[in-house]
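Observations on the three-dimensional arrangement
If you want the building blocks of each chain, they are given just below.
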Amino acid sequence: SVVLILLQQDGSGRLVTLGSDVASGMQLQTVVSRATWQGAKLVDGGKYALLGTTVAPSFDFADFEVGRRSDLIPSYSVSRCDHRDDERAIEARKRL
């Protein structure tokens, strides 16, 4: 399983746990809106994950920017992320 960290322009954020255990609240996929920073972290015990991204309607490298964790941390507090996440996401948040 993977915890996806989504950071919005207004400084808010949310965590989404991606994985196959849908009954426990994990999601198989999610939509990341435009102008959202995203990052991912394996949950404890995870060894690997294969993730993919589909972009619609199109992708333009002029709109793409690689974020640096050291630049983003001062602007975003993971503690401000939406707390509706399952316990695995909350535990992963503490270690970020």
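Please read all numbers here as calculations on a predicted model, not as lab measurements.

**Things to note about the nonpolar core**
One finds V3, I5, L7, L15, V43, L72 and Y76 forming the largest nonpolar core, which totals 7 residues. Ranked by residue count, the leading element in this core is strand β1 (residues 2-7), at 3 residues. When residues no more than four places from it in sequence are discounted, the contact partners of L72 are W37 and G67.

**What about the environment of Q27?**
Position of Q27 relative to the elements: it lies in the loop between β2 (13-18) and β3 (37-42). Between the C-alpha atom of Q27 and that of V16, which follows or precedes it by 11 residues, the distance is 7.4 Å. If we ignore the near neighbours within four places in the chain, the residues touching Q27 are V16, T17, L18 and G19.

**Focus on unusual backbone geometry**
Residue P57 is reached from A56 by a cis peptide bond, and omega for that bond is 5°. Looking at where P57 falls in the secondary structure, it is placed in the loop between β3 and α1 (69-72). The phi dihedral of A35 is positive, around 60°, even though this residue is not glycine. Structurally, A35 can be placed in the loop between β2 and β3.

**Details of the packing of aromatic side chains**
Scanning all chains against the criterion turns up 3 aromatic pairs. Geometrically, the ring pair formed by F59 and F61 is edge-to-face, given 4.8 Å between the ring centres and 85° between the ring planes. Residue classification places F61 among the exposed positions, given a relative accessible area of 64%.

**Some points on the confidence of the model for the protein chain**
Detailed conclusions should not be drawn from predicted coordinates in areas where pLDDT is low. Mean pLDDT for the protein chain: 79, with 79% of residues reaching 70 or above. Here helix α2 (residues 87-95) stands out as the element of the protein chain with the lowest mean pLDDT, 44, in contrast to β1, whose mean of 91 is the highest.

Reading guide: rules and limits
Residues numbered from 1 in each chain as written. Predicted model: local features only at pLDDT ≥ 70, side-chain atom pairs only at ≥ 80, totals over all residues. Heavy atoms only, no water. Core = buried A, V, L, I, M, F, W, Y, C linked by side-chain atoms within 4.5 Å. Buried < 20%, exposed > 50% of the residue type's maximum accessible area, 1.4 Å probe, protein only. Helix = DSSP H or I, 4+ residues; strand = E, 2+ residues; numbered from the N terminus. Contact = heavy atoms within 4.5 Å. Phe/Tyr/Trp six-rings, centres within 6.5 Å; stacked < 30°, edge-to-face > 60°. pLDDT = per-residue confidence, 0-100.

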